[in-house]
Amino acid sequence: MLAIIKITFREAMGRKVVLISLILAAAFLGLYGTGVHFVARDLARHPNPMLAQMIYPQLLSFGLYFGGFIVSFLAIFSAVGAIASEIESGIIQTIIPKPVRRYEIVLGKFLGTGLFLALYAALFFMIIYLLINLKTGLELTGQWNAMALFTLQPVVLLAVTLCGSTMLPTIANGVVMFMLYAVSVIGGMVEQIGWLINNAALQHTGILASLIMPVDALYRKIVHVLMNPAGDPLQAIQQMGPFGSMSEPSVWMVVYAVLYVVSFTGLAVYLFSKRDI
Amino acid sequence: MDLAIETLNLTKLYGHKVGCTDICLRVPRGQIFGFLGPNGAGKSTLVKTLMGLLYPTSGEARLLGKPLGDIAKRRKIGFLPENFRYHEWLTFRQLLDFHASLYGMSKTDKKQRIPWVIDKVGLSGRESQKIRTYSKGMQQRAGLACALLPDPELMFLDEPTSALDPLGRRDVRNILVELRAGGKTIFLNSHLLSEVEMICDTVAFIKHGTIIRQGTLDELRSAEINVEMRLEGITDQIRSVLVCIALSLTIKGNTVLASVSREEDIPLLAEAVIRGGGRLYELNLKRSSLEEMFISMAQEGENSAGDY
């Protein structure tokens, strides 16, 4: 299995989508860093603590939201054809007859791509965190927990995309995965509106969307872990808006996300071990 | 008998569609076995089933004495698929290293074996090139090198020379003959009948998913012997005796074309003519080439079906 992990990791690193994603990430972080720099400079020149406490968390959550977006896209693109494209090209015919079990092929691909995505996401998170922390001096809590949750987001998408890749052609799988991701993102927005106007139906719709695809719930959890609003009414206001988190997803949602990863990876192993090539 | 490949009623169905049915093969070790059949006959289905790419619907199969899917035995089996592609972004050497790792080869084995296979397939000096820069023929050689990596006891080669030029084909033939001399078994799936005829010990013909003939080339050739006779004075009596001896009989003027199943039947044909009062001027024996046998078997039943 180590050979599969190694080659998958190398392949993930060598993909053109990674290079483009790195360039776009650099452009995004450059713009984002510039924005943070000028906001921090202006607020340092004309101190306004209340405004600062309102704007800095918004900047952070904005950075993490779109950072998660980029990482999630990369996760889908990296895994969408992990198995399907090798079946389509015939590469898999040179691997299955070797002395490796089919589950080792699936797990090797999961671990190789997962390792790459986790490193990419962790680096992305650290850059955003350091930019905010160093430029604005915003005090944040639980950055390591938040980083772990940030790296879990692409892994969740990886598991379900890999599973889709064992039974769907590459393009069909890509379409399904982006739709699932959209369900999660829109569900998250709907839920925030539900909390804002205290509408239970919208809240439940958001929770249902999180159960279908828990990526957005993880993002909301990250925001809460970094900026715990407990006992601070001002910070509760900071959580308003599309990038905030007005209701903290419970720890069970994190447990659910981990089980989600395990289940879909297990299902991928099962489906691949049963299918004819 | 020590068998490299043994299948018993091996069947693969795709829903209601037949891939191959009731395949019974016994391939002894140390042979080159040719597997022939028209397109869509079920050749690739059988190879894929034996290689673990397809799951059989029913029946059994053993490779090197172990049931299909035995991981340990796979270390001793090499496979070159027909529609193969390798990781094009790797160099040839990196590709071999990856496949050697899949075979679980140690660093020492890799160090020894990789240069050997590179040299064997004639790609020395090209090992640092990326696979994507290789021509189709070079990729086929690279594929053969991957199959040769574990020093296999059994090799499955699906159209191994389809992209090669005549020199390349000769090189591959030489490798296969050399492997056989070393006691290896080779399962060769090929459309190049002259090649099969040159190197195979035994062959099997598959049609509509079923094996219709198998045996050594000589056995198959002698399964049907064509005899051409030029004679005068053909009577109904001669005709009726000839029909009893021959598998098939065609009479055109003074020329009689007869197919018999055994060599011993040839003098019986002559005797029938003489005893019936005919005069025999010429008797020629024609053995079928593999190509003729292939065409005849591929068309068997098709013509009669067309008459209805």
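Now for a description of the structure that goes with this document. (Residues numbered from 1 in each chain as written. Chains lettered and ligands numbered in written order. Predicted model: local features only at pLDDT ≥ 70, side-chain atom pairs only at ≥ 80, totals over all residues. Heavy atoms only, no water.)

1. A closer look at the packing of helix 7 (residues 143-165) of chain A against helix 10 (residues 215-226) of chain A
Residue and element names in this part refer to chain A. Note the threshold: The axes used here are C-alpha line fits, helices contributing only the stretch in contact, and every angle between their N-to-C directions lies in the interval 0 to 180 degrees. Helix and strand assignments follow DSSP, with helices taken as H or I runs no shorter than four residues and strands as E runs no shorter than two, numbered in order from the N terminus. Working definition: roughly parallel below 35 degrees, roughly antiparallel above 145 degrees, roughly perpendicular at 65 to 115 degrees, and oblique for all remaining angles. For this analysis, residues touch if any pair of their heavy atoms sits within 4.5 Å. The nonpolar class holds Ala, Val, Leu, Ile, Met, Phe, Trp, Tyr, Cys and Pro. Asp, Glu, Lys and Arg form the charged class, and all remaining residues, Gly among them, are polar.
One way to put it is that helix 7 packs onto helix 10 with a least axis distance of 9 Å and a crossing angle of 170°. Viewed along their axes, helix 7 and helix 10 adopt a mutual orientation that is roughly antiparallel. Across the interface between the two elements, Gln143, Asn145, Ala146, Leu149, Phe150, Leu152, Gln153, Val156 and Leu157 from helix 7 touch Val215, Leu218, Tyr219, Lys221, Ile222, Val225 and Leu226 from helix 10. Residue composition of the contact of helix 7 with helix 10, by class: 12 nonpolar, 3 polar and 1 charged.

2. Remarks on the packing of helix 2 (residues 16-45) of chain A against helix 3 (residues 49-79) of chain A
Residue and element names in this part refer to chain A. Taken N-terminus to C-terminus, the directions of helix 2 and helix 3 make an angle of 180°; their axes are 11 Å apart at the nearest point. It follows from the interaxial angle that helix 2 and helix 3 lie roughly antiparallel. Counted by class, the contact of helix 2 with helix 3 contains 20 nonpolar, 3 polar and no charged residues.

3. Description of the environment of Gly35 of chain A
With respect to the helices and strands, Gly35 of chain A occurs in helix 2. Note: C-alpha distance between Gly35 of chain A and Met126 of chain A (91 residues apart in sequence) is 17 Å.

4. Looking at the pairing of strand 8 (residues 185-189) of chain B
Residue and element names in this part refer to chain B. Rule in force here: Relative accessibility thresholds used throughout: buried, under 20% of the residue-type maximum; exposed, over 50%; partly exposed, between the two (1.4 Å probe, protein chains only). One requirement defines pairing of two strands: DSSP has to find at least two bridges between them.
With 5 of its 5 residues buried, strand 8 lies for the most part within the structure. The side-chain alternation of strand 8 yields two buried faces, one formed by Thr185, Phe187 and Asn189 and the other by Ile186 and Leu188. With 4 bridges joining them, strand 3 (residues 32-36) and strand 8 adopt parallel strand pairing. When the bridges of strand 8 are listed, Ile32 appears paired with Ile186. Summarising the sheet, strand 7 (residues 154-158) and strand 8 pair through 5 bridges and their orientation is parallel. Considered in strand 8, the bridge of Asp158 is made with Asn189.

5. Here's the deal with the packing of aromatic side chains
Applicable threshold: Between 30 and 60 degrees the pair is tilted, below 30 it is stacked and above 60 it is edge-to-face, where a pair is any two Phe, Tyr or Trp rings, Trp via its six-membered ring, whose centres lie within 6.5 Å. Placement of a charge over a ring requires the Lys NZ or Arg CZ to be within 6 Å of the ring centre, with the centre-to-atom vector within 35 degrees of the ring normal.
In this structure the tally under the stated criterion is 25 aromatic pairs over all chains. Plain terms: the ring middles of Phe35 of chain B and Phe187 of chain B are 5.3 Å apart, the flat faces sit at 45° to each other, and that makes the pair tilted. Here Phe35 of chain B is found in strand 3, whereas its partner Phe187 of chain B is found in strand 8, with 152 residues between them in sequence. For the pair shown, Phe35 of chain B and Phe187 of chain B are each scored as buried. When the ring centre of Phe272 of chain A is taken as origin, the NZ or CZ atom of Arg102 of chain A, which lies over that ring, is 5.5 Å away.

6. Some words on the nonpolar core
Filter applied, for reference: Only buried residues count toward a nonpolar core. Its members are Ala, Val, Leu, Ile, Met, Phe, Trp, Tyr and Cys residues joined through side-chain atoms within 4.5 Å.
Phe124 of chain A together with Phe92 and Phe156 of chain B are the most contacted members of the largest nonpolar core, which totals 159 residues. Sort the elements by how many residues they give to this core and helix 6 (residues 102-136) of chain A lands first, with 14 residues. Residues contacting Phe92 of chain B, with those up to four places away along its chain left out, are Ile118, Val121, Leu123, Arg126, Glu127, Gln129, Ile131, Tyr134, Ala142 and Ala145 of chain B. Residues Leu231, Leu242, Val256 and Val260 of chain B belong to the second largest nonpolar core, which totals 15 residues.

Spatial relationships are all this shows, so hold off on functional conclusions.
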